[in-house]
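Now for the letters of each chain:
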Amino acid sequence: KVFAIGESEGRGYIAMEYLPGGTLKERLTAGHPLPLEQIKEYIAQVCASLQEVHQHRTIHRDLKTGNLMLGEDGKLRLMDFGLSKSPLVTTMTSLGSVLGTLGYVAPEQVTGGEVDARTDIFSLGVIMYELLTNRLPFTGENEIALIHSIFNTVPPPPSSLRTDLPEGWDALVMKCLAKDAAQRFTAVGELAAELIDMKA
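Notes on the structure in this doc start here. (Residues numbered from 1 in each chain as written. Predicted model: local features only at pLDDT ≥ 70, side-chain atom pairs only at ≥ 80, totals over all residues. Heavy atoms only, no water.)

Attention now goes to unusual backbone geometry. Residues histidine 32 and proline 33 are joined by a peptide bond in cis, for which omega reads 0°. If you trace the backbone, proline 33 turns up in the loop between helix H1 (24–31) and helix H2 (36–55). Notably, arginine 57 is not glycine yet its phi reads approximately 55°, a positive angle. With respect to the element layout, arginine 57 can be found in the loop between H2 and strand S3 (68–70). Among the residues examined, arginine 57 registers a relative accessible area of 60% and is labelled exposed. With a phi close to 65°, asparagine 134 is a non-glycine residue in the positive phi region. Judged by relative accessible area, asparagine 134 falls into the partly exposed class, the value being 37%. (Helix = DSSP H or I, 4+ residues; strand = E, 2+ residues; numbered from the N terminus. Buried < 20%, exposed > 50% of the residue type's maximum accessible area, 1.4 Å probe, protein only.)

Structure below.
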């Protein structure tokens, strides 16, 4: 939440709420494996945040567990819109530049292609995979290897790394991680609707 915007001694400032819960990355590191019910609730909260963002025709483009923070109420806040893109924002990078944190970005971000809601859905798939398994689906010893993995590797299903996963979770995550954007959920609301029926 933003409480105030102003200027002091010639410098602009924004006063925002304090988020004492740290990042979701830190929560996962301290508490893996997280209970499935908790993971489901976190994902639902991210879906709700993204639905609001996408309704305003904005794409976040840098979703990751390090950009999700926990407030005093234990609810997630979506942070860091520094790379967000809307019709009102001009992209200030050259064609082909990778925007976002490489382990979480969709293939179309790597190639400088068109991004839309499905780009954020890919990153949310990476987050789900990470919450379920405590590892990223795409890895590499360097940037080139990681980019190769994003384009060519089909990661092992989460259930192969976490045996207590009920049926359905693998399909949900892997649909988000489809290389071809046309094979992903077209909108976050579709993902949220399927999430409701997931067993935890």
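Ile43, Leu131, Trp169, Leu172 and Leu191 are the most contacted members of the largest nonpolar core, which has 45 residues in total. Broken down by secondary-structure element, the contributors of at least two residues to this core are H1, H2, S3, strand S4 (76–78), helix H4 (117–133), helix H5 (143–152), helix H6 (169–176) and helix H7 (188–196). Counting residues per element, this core draws most heavily on H4, which supplies nine residues. Those residues in contact with isoleucine 43, other than ones at most four positions away along the chain, are Met128, Leu131, Trp169 and Leu195. (Core = buried A, V, L, I, M, F, W, Y, C linked by side-chain atoms within 4.5 Å. Contact = heavy atoms within 4.5 Å.)

If you walk through the whole model with that rule in mind, you get seven salt bridges. Among the ionic pairs, lysine 25 bridges to glutamate 130, the shortest N-O distance being 2.8 Å. Linking lysine 25 in helix H1 with glutamate 130 in helix H4, this pair joins segments that are 105 residues apart in sequence. A relative accessible area of 1% means that glutamate 130 is categorised as buried. The partner of glutamate 41 in a salt bridge is lysine 75, and the shortest N-O contact between them spans 3.8 Å. (Salt bridge = Lys/Arg side-chain N within 4 Å of Asp/Glu carboxyl O.)

This paragraph deals with the pairing of strand S1 (residues 2–8). The pairing of S1 with strand S2 (residues 11–16) spans six bridges and is classified as antiparallel. Bridge pairing links alanine 4 to alanine 15 in S2. Between S1 and S2, which pair antiparallel one after the other, the connecting turn spans two residues, and glutamate 9 there sits at a positive phi close to 55°. (Pairing = 2+ DSSP bridges.)

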